[in-house]
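What the coordinates show
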Amino acid sequence: MKNLLLIFLLLLFTTNGFGQSYVPYYGSIVAQCSQANISNSLTTFESLGLKRRGTTPLQNTLNWLKSKYLEFGYTANQIQEDSYTYTGSPSICKNLIVTKVGTLYPNTFVIVCGHYDSIGGTGTNDNGSGVACILETARLLQNIPTEYSIKFINFSGEEDGLYGSKHFVNSIVNGTTPKMDIRLVLNLDEVGGVAGLINNTITCERDTNNSPSTNNEQSSTMTNELMTCVELYSPLNTYLSYAYASDYMSFQSNNEIITGLFETHETSHKHTNTDLLIYMDPVYNYNVAKATIGATMHFAVAATSALGNDQFQNDSQVSFYPSPAKDTLNINMGTIAEANYSFSMVDVQGKIVFKKEIQNAHLIESVSLDGLSKGIYLAVLQTSTKKIIKKIIVE
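Residues numbered from 1 in each chain as written. Predicted model: local features only at pLDDT ≥ 70, side-chain atom pairs only at ≥ 80, totals over all residues. Heavy atoms only, no water.

Here we take up the overall build of the protein chain. If you tally the helices and strands in the protein chain, you get 10 helices and 15 strands. Against the 2.2 N^0.38 benchmark of 21 Å for 395 residues, the protein chain shows a C-alpha radius of gyration of 22 Å, consistent with a compact globule. With the C-alpha coordinates of the protein chain rotated into their principal frame, the extents come out at 75 × 70 × 40 Å. Buried positions account for 54% of the 395 residues belonging to the protein chain. The contacts of the protein chain with a sequence gap of at least 6 include a subset with a gap of at least 24, amounting to 76%. Accessible surface, the protein chain as shown: approximately 17,000 Å² in total, 53% of it carbon and sulfur. Separation between the mean location of the 25 positive side-chain charges and that of the 34 negative ones in the protein chain comes to 8 Å. (Helix = DSSP H or I, 4+ residues; strand = E, 2+ residues; numbered from the N terminus. Rg over C-alpha atoms; globule rule 2.2 N^0.38 Å. Buried < 20%, exposed > 50% of the residue type's maximum accessible area, 1.4 Å probe, protein only. Contact = heavy atoms within 4.5 Å. Areas by Shrake-Rupley, 256 points an atom, 1.4 Å probe, with all protein chains shown as cover. Lys, Arg positive; Asp, Glu negative; His and termini not counted. Charge placed at Lys NZ, Arg CZ, Asp CG, Glu CD.)

Take a look at the structure:
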């Protein structure tokens with residue numbers, strides 16, 4: 001009886017109604033979340049000023065974000081500026097997109113996003129707080145393999161009408177052939193808490209919109225999983241609410257699956273010149289970051305131990321997909337920063353049957369396998385400093 005009771009208690013404390021368990025390796029990564037990093041990001045974000053379209057502070061914030069991702073180990077090929085304008089504003093606005101390619105499902109994306117523009121003031125809570133969480137999540141996941149690809153996106157134009165996320169959905173999500181496959185959009189907007197209050201609960205937002213409603217059930221499921229992740233990987237409690245008026249709504253109307261995090265005690269300083277760090281709770285922001293890191297690892301299906309990480313890093317996160325391949329093979333440069341490389345295919349007799357020099361390479365390059373016989377090959381990517389070899393099956 002005592003043994004049965006022990007088993008029951010272990011199950012009670014390590015699992016939940018959605019079949020999720022605490023993953024010790026995820027917990028070890030979450031434990032590396034830095035309060036100092038969160039506070040420093042908030043301080044820097046605040047110092048950059050009012051971030052409206054067409055202003056120097058907005059551009060300076062974009063430059064700062066780019067420098068942070070590069071500092072974390074992401075390469076220029078993984079970082080994309082997405083420029084746009086919109087009716088009534090001749091100013092060029094930019095979204096910043098950082099892509100980490102998945103190991104098993106490279107064409108399916110988990111999007112972790114939040115806006116970096118502000119209105120009325122510096123926007124330290126709305127939405128420097130979300131930016132700080134995204135940066136810390138990107139930092140800690142940079143060298144961890146995930147089955148699904150991740151896009152960390154900092155949107156502009158949110159305060160003027162979700163223009164940045166609308167542009168991204170219309171031009172990139174729907175402009176991809178086939179349309180970009182999105183597993184989930186996790187939006188962070190205003191998660192800084194209120195100074196002087198007990199900030200121990202985060203609001204988790206699900207889709208309840210009826211236009212369309214076909215994504216509501218899956219959003220509810222994912223939001224329940226998000227709530228579980230919050231409670232597994234942070235000290236925060238959760239409160240279930242509905243999604244509205246932030247960048248995930250551009251995806252919602254495109255029938256994507258969305259969820260989000262929002263502070264439960266809502267600041268009275270948003271959109272004013274008093275939206276400042278002194279009126280926030282940076283420890284709460286830090287705890288939200290921990291929840292975000294755990295949830296992103298869960299949704300992107302990160303490795304569950306450090307065993308595979310060394311090889312992942314030794315290979316510079318380079319991958320070739322799909323495998324088995326048929327007509328086309330995609331080459332993911334991973335974290336290789338060199339602009340040029342050669343790619344070759346070697347058959348089982350050691351004969352080079354295909355070779356191509358690729359100049360000014362993009363993060364993903366595609367090569368045709370037309371003319372190659374079915375069989376097993378070695379795919380070889382070689383730069384001036386690295387040589388990466390992987391087995392590829394051609395059907």
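Let's shift gears to the nonpolar core. The biggest cluster of nonpolar side chains holds 61 residues, and the ones touching the most others in it are Y69, F152, I202, L261 and V288. Among the elements that line this core, the one with the most residues is helix α9 (residues 282-300), at 10 residues. Within the second largest apolar cluster, 21 residues are counted, among which are I331, I336, L369 and Y377. (Core = buried A, V, L, I, M, F, W, Y, C linked by side-chain atoms within 4.5 Å.)

This part takes up the pattern of salt bridges. Inspection of every chain in the model, using the stated rule, returns 10 salt bridges. The partner of D160 in a salt bridge is R52, and the shortest N-O contact between them spans 2.5 Å. Of this pair, D160 sits in the loop between β4 (148-155) and α6 (163-173) while R52 sits in the loop between α3 (35-47) and α4 (56-72); the two residues are 108 residues apart in sequence, bridging distant segments of the chain. By relative accessible area, R52 is classed as partly exposed at 22%. E256 is the salt-bridge partner of K179, the closest N and O atoms lying 2.8 Å from each other. Of this pair, K179 sits in the loop between α6 and β5 (181-188) while E256 sits in the loop between α8 (248-252) and β8 (258-263), and the two are 77 residues apart along the sequence. (Salt bridge = Lys/Arg side-chain N within 4 Å of Asp/Glu carboxyl O.)

Right, let's get into α3. If you check α3, its first and last C-alpha atoms are 18 Å apart, about what 13 residues at 1.5 Å a residue would give, namely 18 Å. Burial in α3 covers these residues: I38, S41, L42 and F45. Along the axis of α3, the buried residues cluster in a sector spanning 95°; they form a single face. Buried residues along α3 sit against α4, α5 (128-141) and α9. Measuring from the side-chain oxygen of the N-cap residue of α3 to the backbone nitrogen of A36 gives 3.2 Å; that N-cap residue is S34. G49, located one to two residues past α3, shows a positive phi value of around 90°. (Expected span 1.5 Å × (residues − 1). Arc of directions from axis to C-beta. Polar contact = N/O pair within 3.5 Å; in protein donor to acceptor, adjacent residues only side chain to side chain.)

So, on to the side chain of Q142. Secondary-structure assignment places Q142 in the loop between α5 and β4. Engagement of the side chain of Q142 in a polar contact is seen with the backbone oxygen of G73, the distance being 3.4 Å. In this structure Q142 touches F72, G73, Y74, K100, Q317 and T335, once residues within four positions along its chain are discounted.

Moving on, we come to the confidence of the model for the protein chain. Across the protein chain, the average pLDDT comes to 94, with 95% of residues at 70 or higher. Note on residues 1-18: pLDDT under 50 across the span, and 10 contacts to partners over four residues away in sequence or across chains. (pLDDT = per-residue confidence, 0-100.)

Moving on: the sheet that holds β5. Strands sit in the order β1-β2-β4-β3-β5-β8-β6-β7 across an open sheet of eight strands; the sheet is mixed. What marks the edges here is a single partner per strand, and that holds for β1 (79-86) and β7 (237-242). Strand after strand, the sheet turns through a mean of 25° between neighbouring axes, direction not considered. Sitting on the sheet, α5 touches β2 (89-100), β3 (105-115), β4 and β5, and the angle it makes with β4 is about 150°. (Pairing = 2+ DSSP bridges. Axes fitted to C-alpha atoms, helices over the stretch in contact; angles between N-to-C directions.)

This part is about α6. Taken as a whole, α6 has its buried residues at G164, S165, H167, F168, V169, I172 and V173. Taken together, the buried residues of α6 touch β1, β2, β3, β4, β5 and α8.

We now examine the sheet that holds strand β13 (residues 364-368). What holds strands together in a sheet is hydrogen bonding between their backbones, with the strands either parallel or antiparallel. The sheet built from three strands is open, its strands ordered β9-β10-β13 with antiparallel pairing. The sheet is open, and its two edges are formed by β9 (319-321) and β13, each paired on a single side. Strand-to-strand twist across the sheet, computed as the mean angle between neighbouring axes with direction ignored, equals 25°.

With that settled, the discussion passes to the environment of A132. Its place among the elements puts A132 in helix α5. Residue contacts for A132: discarding those within four places in its chain leaves I38, S41 and L42.

Another point: the state of the cysteines. Here, the word disulfide means a covalent bond between the sulfur atoms of two cysteines. As enumerated under the stated definition, the model contains zero disulfides in all. With no disulfide partner, C33 has as its closest neighbouring cysteine sulfur the one in C133, 7.7 Å distant. Cysteine C93 remains unbridged, with the sulfur of C113 as its closest cysteine sulfur at 17 Å. In this structure C93 comes out as buried when scored by relative accessible area, which is 1%. (Disulfide = S-S within 2.5 Å.)

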